[in-house]
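Topology and contacts: notes
One letter stands for each residue in the lines below.
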Amino acid sequence: MRSVSLSISLHKLIFLSFVVLFRVLLDTSYSIVIVKDFASEGFVLDVEPFNYMVSWLLYVISLFMLSDKVKSVSQYFFVTAILCLIAPLTSLYGLDSTRPLFPVAASLAALFISYFVSRQNLLNFKGLPVVLGGRPLAVMVSLAFVVGLVVWFKISGAKSNLDFSEVYEYRELNAELTAQGVLAYTNNWTFQVFSVYLICFALYARRFFFVILLLGVQVYFFSVASHKSILFLPLLVVSVWFYLRRSDSLVILPMACVGIMLLTMASYIFLDDLWLTSLLSRRVFYVPADLCFVYFEYFSSH
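These remarks concern the structure in this document.

**As for the overall build of the chain**
When its secondary structure is counted, the chain shows 11 helices and zero strands. The helix and strand sequence of the chain, counted from the amino end, reads α-α-α-α-α-α-α-α-α-α-α. A compact globule built from 302 residues would reach a C-alpha radius of gyration of about 19 Å, and the chain, at 21 Å, matches this within 12%. Expressed along its principal axes, the backbone C-alpha trace of the chain runs to roughly 55 × 55 × 45 Å. Sequence-distant contacts, at least 24 apart, represent 78% of the contacts inside the chain between residues at least 6 apart.

**Brief notes about the side chain of Thr190**
Within the secondary structure layout, Thr190 lies in helix α7 (residues 183–204). On the accessibility criterion, Thr190 (2% relative accessible area) is buried. For Thr190, the contacting residues outside a window of four places in its chain are Phe145, Val146, Leu149, Ser195 and Phe221.

**Quick look at the environment of Ala105**
As for its placement among the helices and strands, Ala105 is situated in helix α4 (residues 102–120). A relative accessible area of 33% means that Ala105 is categorised as partly exposed. As for Ala105 and Leu58, which are separated by 47 residues in sequence, their C-alpha atoms are 8.1 Å apart.

**Observations concerning the pattern of salt bridges**
The full count for this structure, using the stated rule, is five salt bridges. A salt bridge links Arg23 to Asp27; the shortest N-O distance between them is 2.9 Å. Taken as a pair, Arg23 and Asp27 lie in helix α1 (residues 2–37) at a separation of four residues, close to a single helical turn. Between Lys71 and Asp248 there is a salt bridge, with the nearest N and O atoms lying 3.1 Å from each other. One end of the pair, Lys71, is in the loop between α2 (49–62) and α3 (73–95); the other, Asp248, is in the loop between α9 (229–244) and α10 (252–271), and 177 residues separate them in sequence. Through salt bridges with shared partners, a single network forms among Asp96, Arg99 and Asp290.

**What to know about the state of the cysteines**
Overall, the coordinates contain zero disulfides when judged by the stated rule. We note that Cys84 lacks a disulfide partner, and the nearest cysteine sulfur, in Cys257, lies 5.4 Å from it. Judged by its relative accessible area of 9%, Cys257 falls in the buried class.

**A few points about the nonpolar core**
Counting residues in each nonpolar core, the largest one holds 47 residues, and the members touching the most others are Phe22, Tyr30, Tyr59, Met65, Ile82 and Leu83. Those elements that place two or more of their residues in this core are α1, α2, α3, α4, α10 and α11 (275–299). Considering each element in turn, this core owes the most residues, 12 residues, to α3. Ignoring any residue separated from it by four or fewer positions in sequence, one finds Leu83 in contact with Val19, Phe22, Tyr59, Pro88, Leu253, Pro254, Cys257 and Phe285. By size, the runner-up hydrophobic cluster in this structure holds 23 residues, among which are Val196, Leu214, Phe222 and Ile230.

**Here's the deal with unusual backbone geometry**
Where the residue is not glycine, phi is negative for most of them; where a peptide bond is considered, it is trans in most cases. The phi dihedral of Arg206 is positive, around 60°, even though this residue is not glycine. Among the secondary structure elements, Arg206 is positioned in the loop between α7 and α8 (208–225). Of the residues examined, Arg206 reaches a relative accessible area of 48% and is grouped as partly exposed. The phi dihedral of Ser226 is positive, around 65°, even though this residue is not glycine. Its location among the elements puts Ser226 in the loop between α8 and α9.

**A few points about the packing of α3 against α11**
At a minimum axis distance of 9 Å, the contact between α3 and α11 shows a crossing angle of 70°. Between α3 and α11, the crossing angle belongs to the class labelled roughly perpendicular. Contact residues: Leu83, Cys84, Pro88, Leu89, Ser91, Leu92 and Tyr93 in α3; Phe285, Tyr286, Ala289, Asp290, Cys292 and Phe293 in α11. Among the residues forming the contact of α3 with α11, the class breakdown is 11 nonpolar, one polar and one charged.

**Regarding the packing of aromatic side chains**
Here the structure, examined in full by the defined rule, presents 21 aromatic pairs. Taking the centre distance of 5.6 Å and the plane angle of 75° together, the rings of Phe209 and Phe210 count as edge-to-face. You can call Phe210 partly exposed: its relative accessible area is 45%. Measuring from ring centre to ring centre gives 6.5 Å for Tyr220 and Phe221, while their planes differ by 40°; the resulting arrangement is tilted. Note on accessibility: Tyr220 and Phe221 belong to one class, buried. Here a set of aromatic residues connected by ring pairs shows up, and it is made of Phe77, Phe78, Phe112, Tyr115 and Phe116. For the cation-ring pair, Arg246 lies above Phe242, with the distance from its terminal atom to the ring centre recorded as 4.1 Å. When the ring centre of Phe38 is taken as origin, the NZ or CZ atom of Arg282, which lies over that ring, is 5.1 Å away.

Definitions and limits used
- Residues numbered from 1 in each chain as written.
- Predicted model: local features only at pLDDT ≥ 70, side-chain atom pairs only at ≥ 80, totals over all residues.
- Heavy atoms only, no water.
- Helix = DSSP H or I, 4+ residues; strand = E, 2+ residues; numbered from the N terminus.
- Rg over C-alpha atoms; globule rule 2.2 N^0.38 Å.
- Contact = heavy atoms within 4.5 Å.
- Buried < 20%, exposed > 50% of the residue type's maximum accessible area, 1.4 Å probe, protein only.
- Salt bridge = Lys/Arg side-chain N within 4 Å of Asp/Glu carboxyl O.
- Disulfide = S-S within 2.5 Å.
- Core = buried A, V, L, I, M, F, W, Y, C linked by side-chain atoms within 4.5 Å.
- Axes fitted to C-alpha atoms, helices over the stretch in contact; angles between N-to-C directions.
- Parallel < 35°, antiparallel > 145°, perpendicular 65-115°, else oblique.
- Nonpolar A, V, L, I, M, F, W, Y, C, P; charged D, E, K, R; others polar.
- Phe/Tyr/Trp six-rings, centres within 6.5 Å; stacked < 30°, edge-to-face > 60°.
- Lys NZ or Arg CZ within 6 Å of the ring centre and 35° of its normal.

Here it is, written out as structure tokens:
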């Protein structure tokens, strides 16, 4: 019994160590790369010791929501939320004293409310009515939107592009042809919800031919719409499905984040390459965090 208890404690310690190390690497990347090469986007280094200590205090408090093993979907959600939302938010607040505390506190409070609600089982979804034939209906609706968007992209005259360095140019040009009016809304739903749902369902049914086919369709969607998330979401789904079939440990998530940060900094320091840092460290973590502050400021006065 003692050895089992020790093993569980060691696993938790390793998990939390990677979570903390990720925040350290975020701060390091921001200090030596982001503020140097992306200052024009509003990223500046202006450290106030008090703000920085508060940022770490809030981050440590958020760790109480984390579980190192997944027994329910909510546990996976909270690990992802802390790593992808709270870590960059607190980092940006701690390293730029002009950033207000309220967006960080509000985001953290929202997560804690969600955490306590999920822990107390205050919402019982089992009591909701079930739509007869709901799953086949969901598959047919999703398939109709996916096929429809493939056809629309083909006849719209939009040009395909798989060069990551030119995505912004193609995004603007193709959006004028394919994403006007209500299509701007339905297109996003199609390649970020409907096609991802079909991939999940195909994995669940072990229809691997359809998984490969849908992944190819997703690559085509990316080549036209030029949103990197279109490629990221199916890769995330397949990776989670593959890993969680073999393990219930969530240590892979902070470990992967640490690996991403080390890769971007190594590429910048040793190869003088800014592309990986721009794609991963800046775009995945700091741009959403920056937009969180921007949106709070905008909606506070509008």
